[in-house]
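# Structure at a glance
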Amino acid sequence: MFQKEIFCSRLKALRLEKGLTLEQFGKLFGVSKQGVSHWETGIRFPNLPILVQIAEFYEVSADYLLGLRDTPKDVQSET
């Protein structure tokens, strides 16, 4: 199940790890710094295409961002 609090905290943590301000992050995805702040506080959420772009930018799975997985990347088994 989608965990709003997990999404918000992971999004903010990833942004801060890259040393990006709200404004810088917003410019990457075509939203205002207020829009990014709303994502990080759970007032609003990015649409699906932007969510995919964010996951690709941070090289994590969308499932990780959404709190559906605890590991940032999908682990594929070696066979």
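Residues numbered from 1 in each chain as written. Predicted model: local features only at pLDDT ≥ 70, side-chain atom pairs only at ≥ 80, totals over all residues. Heavy atoms only, no water.

## Observations concerning helix H4 (residues 48–58)
Every α-helical turn comprises 3.6 residues, leaving residues that sit three or four positions apart pointing alike. Stated precisely, the cut-off is as follows: When accessible area is computed with a 1.4 Å probe and restricted to protein chains, residues below 20% of their type maximum are described as buried, those above 50% as exposed, and intermediate ones as partly exposed. Helix and strand labels come from DSSP, where a helix needs a run of H or I of at least four residues and a strand needs a run of E of at least two; each type is numbered from the N terminus. Arc definition: it is the arc formed by the directions from the helix axis to the C-beta atoms. Only heavy atoms enter the contact rule, under which two residues are in contact if any of them lie within 4.5 Å.
Listing the buried residues of H4 in full gives Ile 50, Leu 51, Ile 54, Ala 55 and Tyr 58. Each buried residue of H4 lies within a common arc of 140° when the element is viewed along its axis, so the set occupies one face. Opposite the buried face of H4, by more than 90 degrees, sit the exposed residues Pro 49 and Glu 56. Buried residues in H4 make contact with helix H1 (4–17), helix H2 (22–29), helix H3 (33–41) and helix H5 (62–65). Directly beyond the C-terminal end of H4, a positive phi value near 55° is found at Glu 59.

## Considering the packing of H1 against H3
Just so we agree on the cut-off: Only the contacting stretch of a helix is used when fitting its axis, a line to C-alpha atoms as for every element, and angles between N-to-C directions run 0 to 180 degrees. Should an angle lie under 35 degrees it is considered roughly parallel, over 145 roughly antiparallel, and from 65 to 115 roughly perpendicular; all remaining angles are considered oblique. Polar here means any residue outside two lists: the nonpolar Ala, Val, Leu, Ile, Met, Phe, Trp, Tyr, Cys and Pro, and the charged Asp, Glu, Lys and Arg; Gly therefore counts as polar.
For the pair H1 and H3, the least separation of the axes is 7 Å and the interaxial angle reads 130°. Our classification of the angle between H1 and H3 gives oblique. Residues Phe 7, Cys 8, Leu 11, Lys 12 and Arg 15 of H1 form the contact with H3, whose own contacting residues are Val 36, Trp 39, Glu 40 and Thr 41. For the contact of H1 with H3, a count of residues per class yields five nonpolar, one polar and three charged.

## Observations regarding the confidence of the model for the protein chain
This is how the line gets drawn: How sure the predictor is of each residue is captured by pLDDT, a score from 0 to 100.
For the protein chain, the mean per-residue pLDDT works out to 92, and 92% of the residues sit at or above 70. The element-level mean pLDDT for the protein chain is lowest in H5, coming to 94, with H3 highest at 98.

## Structural notes on the nonpolar core
Heads up, the condition is: The definition of a nonpolar core used throughout is a set of buried Ala, Val, Leu, Ile, Met, Phe, Trp, Tyr and Cys residues joined through side-chain atoms within 4.5 Å.
Counting residues in each nonpolar core, the largest one holds 17 residues, and the members touching the most others are Phe 25, Ile 54, Tyr 58 and Leu 65. Listing elements by their share of this core, those giving two or more residues are H1, H2, H3, H4 and H5. By residue number, the principal contributor to this core is H4, which donates five residues. When residues no more than four places from it in sequence are discounted, the contact partners of Tyr 58 are Leu 14, Arg 15, Lys 18, Leu 20 and Phe 25.

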